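One-letter residues, chain by chain:
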Amino acid sequence: MMIAWIPELLYAERRFESGMALVCDDAGTITRIARVDDLKDEKKISLARRAMVPGMVNAHSHAFQRVIRGRTEYRATDRDSFWTWREMMYSAATRLSPEDIYDASRMAFLEMALTGITAVGEFHYLHHTPDGTTYDDPNLLAKEVLRAAADVGLRIALLRVAYARSGYDTEPNPKQARFIDAETAAYLKNLEALASGLRNPTVREGASIDRDDNTILPDRPTPAGLPGWGPRSRVSASAWVGVAPHSVRAVPLAYLKEVISYATERSMKVHMHVAEQPAEVSACVEEYGRTPVALLESEGLLSERFTAVHAIHVTPKSIPPFAKTGAMVCACPTTERNLGDGVVPADEYLKNDVPICLGTDSHVQIDLLEDARELEYHLRLQKLERAILGGNPIVRVGASSARQDPGTLPHDRVSDIADLLFDCATVNGARSIGAPTGALEAGKPADFFTVDLDEPTIAGASKDDLLASIVFSSSRTAVREVVIGGKPVVSEGQHLIQEEVIERFSDLQKRLWG
Ligand SMILES: [Zn+2]
């Protein structure tokens, strides 16, 4: 049975159109985008007063850090910084049981789904017991995170982190014992076991999840008449793995080379924290005589499968050689401002055609559109100008460069920054983590969200300025439906298992913090 979703406005090929329907098959794959007048015997689902946009991709997450939200916003030392925040994060990381990690991850993923995120790149570095002993199943904690994503319905790239040491010329920190695979052989063995488990459909649907599929979902009436939303329905998400050397600080060069060559042989995605803090850059210069970006570039470790997370403290001169490798940057502006990391030089990256994707990282706030607008806003504050990323050559292809009266600008100029930022949140994120999503096109999964056109933060927008209203002005309360692989996971702004997830997470927080 074909299903035709019929919103009032549908965003495809960078513009909103009315009178269009998204048609998908039983498997949740988009078969075509058709005019409503051309529909045949598809089951029609009307989404009145809704605009439909592709689901967003959150390319960088540490789900468990959701437990420290609200608990680090005070001054603990004379000069508070990333490094003092990190100590607080470690104190939480060392206290979580496998079940706690499941509950914290489920809370983070639930919040993502409610904001229109349909796929996540989870940069996962909690591997062992708090004292560093390996669990009977060395991937136990990764599987808890995967189970959480499956329950919420998100697609997930489990980016398994390699973490070998505390830092160059640094004493081991006992609080990092949970993260460390000191030998590459152990790291690669565990990664391989996780990857082959996920390739096996039996494991994917049950055994690795290690729990009766249906126990989590409460019986509840079907809201809003949406198909696939009902008692005991299970949303199955797709999951895959990627390689994530933590940083040049935590992974020495020989280890890094081995892990990246493993990824290269298997065409796996590689994510790595790069140049987040000046201290990381200076330690790298001390150890190797090169900055992190120069080290990675000169050792041939960058490629179009590589995403450098943060990439803030870089020199303009280092960007063209980085760009030549095809590597991407993942900016996490909400976390970066919270931690005092600095400002991603997005204008310099874009001038060199480096694609940028976005992540919510520490989850101090989960709202990828907020990250999208901050990518531009931080540069405005720094440069005392407006519209910094506007008129980017990538966006301007085919558009006239002549000055025009802003009142008569065509669509592709009115919202050029919003288009670019929305690409960062969708297609670029999908490319970074290897998700099959990011755009509403035939052949891709039906992963989308809707916004309510009468919601106060976007009310009155026309189809020409709607995307800019969504990107720059909307609140997450505008998000009403979220559909992943053709299956609704959020309806009328409520997630299928919202109450239970929140209840268990609240219990966890009480146990952790009293
Ligand atoms: Zn991170």
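Note that the structure is a prediction, hence the values are computed from the model and not measured.

A few words now on the coordination of the zinc ion. Looking at the zinc ion, the protein donor atoms are His 60 (NE2), His 62 (NE2), His 273 (NE2) and Asp 361 (OD), and they sit 2.1 to 2.7 Å from it. Taken together, the four donor atoms coordinating the zinc ion and their angles of 80 to 172° define a geometry best described as irregular.

A separate point is the nonpolar core. Membership of the largest hydrophobic core comes to 151 residues, with the highest contact counts inside it found for Phe 109, Phe 306 and Tyr 349. At ten residues, the largest contribution of residues to this core is made by helix α2 (residues 98–114). In this structure Phe 306 touches Ile 260, Val 270, Met 272, Val 274, Leu 296, Leu 301, Ala 327 and Met 328, once residues within four positions along its chain are discounted. Met 20, Ala 446, Phe 448 and Val 483 belong to the second largest nonpolar core, which has 15 residues in total.

Another point: the environment of Ala 387. Turning to its location among the elements, Ala 387 is positioned in the loop between α12 (368–383) and α13 (393–396). Remark: the alpha-carbon pair of Ala 387 and Glu 376, spanning eleven residues in sequence, is separated by 7.4 Å. In this structure Ala 387 touches Glu 376, Arg 380 and Ile 417, once residues within four positions along its chain are discounted.

This model, assessed by the stated rule, comprises 34 salt bridges. Across the pair Asp 347 and Lys 383 runs a salt bridge, and its minimum N-O distance is 3.2 Å. Residue Asp 347 is found in helix α11 (residues 346–351), and its partner Lys 383 is found in helix α12; the two are separated by 36 residues along the sequence. For Asp 347, a relative accessible area of 10% corresponds to the buried category.

This part is about the confidence of the model for the protein. The predicted model of the protein averages 89 in pLDDT, with 88% of residues at 70 or higher. Across residues 202–237, confidence stays below pLDDT 50; counting only partners more than four residues off in sequence or on other chains, it has 85 contacts. In the model, residues 393–403 has pLDDT below 50 throughout and makes twelve contacts with residues more than four positions away in sequence or in other chains.

Where α2 meets helix α18 (residues 498–513), the closest approach of the two axes is 9 Å, and the angle between their N-to-C directions is 130°. Accordingly, the angle class assigned to the pair α2 and α18 is oblique. Pair α2 / α18 crosses with left-handed handedness. Contacts from Glu 99, Asp 100, Tyr 102, Asp 103, Ala 104, Arg 106, Met 107, Leu 110 and Leu 114 in α2 reach Gln 498, Glu 500, Val 501, Ile 502, Arg 504, Phe 505, Leu 508 and Arg 511 in α18.

Next up on the list: the side chain of Thr 437. Inspection of the secondary structure assignment puts Thr 437 in the loop between α16 (427–433) and β14 (448–452). For Thr 437, a relative accessible area of 4% translates into the label buried. With sequence-adjacent residues up to four places away left out, Thr 437 is seen in contact with Val 57, Arg 155, Ala 430, Lys 444, Pro 445 and Asp 447.

This part is about the packing of aromatic side chains. Throughout the structure, instances matching the rule amount to nine aromatic pairs. Ring centres of Trp 5 and Phe 448 lie 5.4 Å apart, and the angle between their planes is 75°; this geometry places the pair in the edge-to-face category. One end of the pair, Trp 5, is in strand β1 (residues 3–12); the other, Phe 448, is in strand β14, with 443 residues separating them in the sequence. Judged by its relative accessible area of 0%, Phe 448 falls in the buried class. Ring plane angle 50° and centroid distance 5.7 Å describe the contact between Tyr 377 and Phe 472, whose orientation is recorded as tilted.

Time to look at the side chain of Thr 360. With respect to the helices and strands, the residue Thr 360 is situated in the loop between β13 (356–358) and α12. Excluding residues that lie within four positions of it along the chain, Thr 360 makes contacts with Asn 58, His 60, Met 112, Thr 335, Gln 365, Ile 366, Asp 367, Leu 368 and Asp 371.

Before going further, it helps to examine the pairing of strand β3 (residues 20–24). Burial within β3 is extensive, with five of its five residues counted as buried. Here β3 shows two buried faces, one formed by Met 20, Leu 22 and Cys 24 and the other by Ala 21 and Val 23. As paired strands, β1 and β3 are joined by three bridges and run antiparallel to one another. Looking across to β3, one finds that Ile 3 is bridged to Cys 24. Linking β3 back to strand β4 (residues 30–35) in an antiparallel pair, the connection comprises five residues, with Gly 28 at a positive phi of about 85°.

It is at 9 Å that the axes of α12 and helix α15 (residues 416–425) come closest, and there the two elements cross at 130°. In terms of orientation, α12 and α15 fall into the oblique class. Helix-helix and strand crossings are classified by hand; for α12 and α15 the assignment is right-handed. Contact residues: Leu 368, Leu 369, Ala 372, Arg 373, Leu 375, Glu 376 and Arg 380 in α12; Ile 417, Leu 421, Phe 422, Cys 424 and Ala 425 in α15.

Turning our attention to unusual backbone geometry. Although it is not a glycine, His 310 adopts a positive phi angle of roughly 80°. With respect to the secondary-structure elements, His 310 resides in strand β11 (residues 306–310). For Glu 492, which is not a glycine, the phi torsion comes out positive at approximately 50°. The residue Glu 492 is located in the loop between β16 (487–491) and β17 (494–495) in this model.

The rules behind each value
Residues numbered from 1 in each chain as written. Predicted model: local features only at pLDDT ≥ 70, side-chain atom pairs only at ≥ 80, totals over all residues. Heavy atoms only, no water. Donors = N, O, S within 2.8 Å, 3.2 Å for Na, K, Ca; no water. Tetrahedral: all angles 85-135°; square planar, octahedral: opposite > 155°, others 65-115°. Core = buried A, V, L, I, M, F, W, Y, C linked by side-chain atoms within 4.5 Å. Buried < 20%, exposed > 50% of the residue type's maximum accessible area, 1.4 Å probe, protein only. Helix = DSSP H or I, 4+ residues; strand = E, 2+ residues; numbered from the N terminus. Contact = heavy atoms within 4.5 Å. Salt bridge = Lys/Arg side-chain N within 4 Å of Asp/Glu carboxyl O. pLDDT = per-residue confidence, 0-100. Axes fitted to C-alpha atoms, helices over the stretch in contact; angles between N-to-C directions. Parallel < 35°, antiparallel > 145°, perpendicular 65-115°, else oblique. Left-handed = near helix turned anticlockwise from the far one by under 90°. Phe/Tyr/Trp six-rings, centres within 6.5 Å; stacked < 30°, edge-to-face > 60°. Pairing = 2+ DSSP bridges.

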